Amino acid sequence: IELPNGCVCCTVKDSLVTTLEALLRKRKDLDYVLIEASGMANPGPIAGVFWLDDALESRLRLDGVVCCVDARNLPTQLEE
């Protein structure tokens, strides 16, 4: 399974769902797929990909979002 080059939140977000659906067709034993998107300040655009219409009957669903922060610099960043 391969995604075209580009940012997952902008360039390839439409093909992300198609690619993940293809992966699920090939591997029916998958429980979770982890999408690592380091460098993104806002995970919203990627999370929005998983707000699919129930009529599409997709196996894809957003289970959670995990964010890591630089604890040393967080107070300064929040003030800005």
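Relevant structure appears above.
Please read all numbers here as calculations on a predicted model, not as lab measurements.

Draft legend 1. Structural detail: the overall build of the chain. Each helix and strand in the chain was counted, giving three helices and zero strands. Within the chain, buried positions represent 18% of all 80 residues. Of the contacts formed within the chain by residues at least 6 apart in sequence, a portion of 41% connects residues at least 24 apart. For the chain, the accessible surface area stands at approximately 6,700 Å², while carbon and sulfur atoms represent 52% of it.

Draft legend 2. The pattern of salt bridges, seen in detail. Here the structure, examined in full by the defined rule, presents two salt bridges. A salt bridge links Arg-27 to Asp-29, with the shortest nitrogen-to-oxygen separation between them at 3.0 Å. Salt-bridge contacts for Asp-63 lead to Arg-61; the nearest nitrogen and oxygen are separated by 3.3 Å.

About the criteria used
Residues numbered from 1 in each chain as written. Predicted model: local features only at pLDDT ≥ 70, side-chain atom pairs only at ≥ 80, totals over all residues. Heavy atoms only, no water. Helix = DSSP H or I, 4+ residues; strand = E, 2+ residues; numbered from the N terminus. Buried < 20%, exposed > 50% of the residue type's maximum accessible area, 1.4 Å probe, protein only. Contact = heavy atoms within 4.5 Å. Areas by Shrake-Rupley, 256 points an atom, 1.4 Å probe, with all protein chains shown as cover. Salt bridge = Lys/Arg side-chain N within 4 Å of Asp/Glu carboxyl O.

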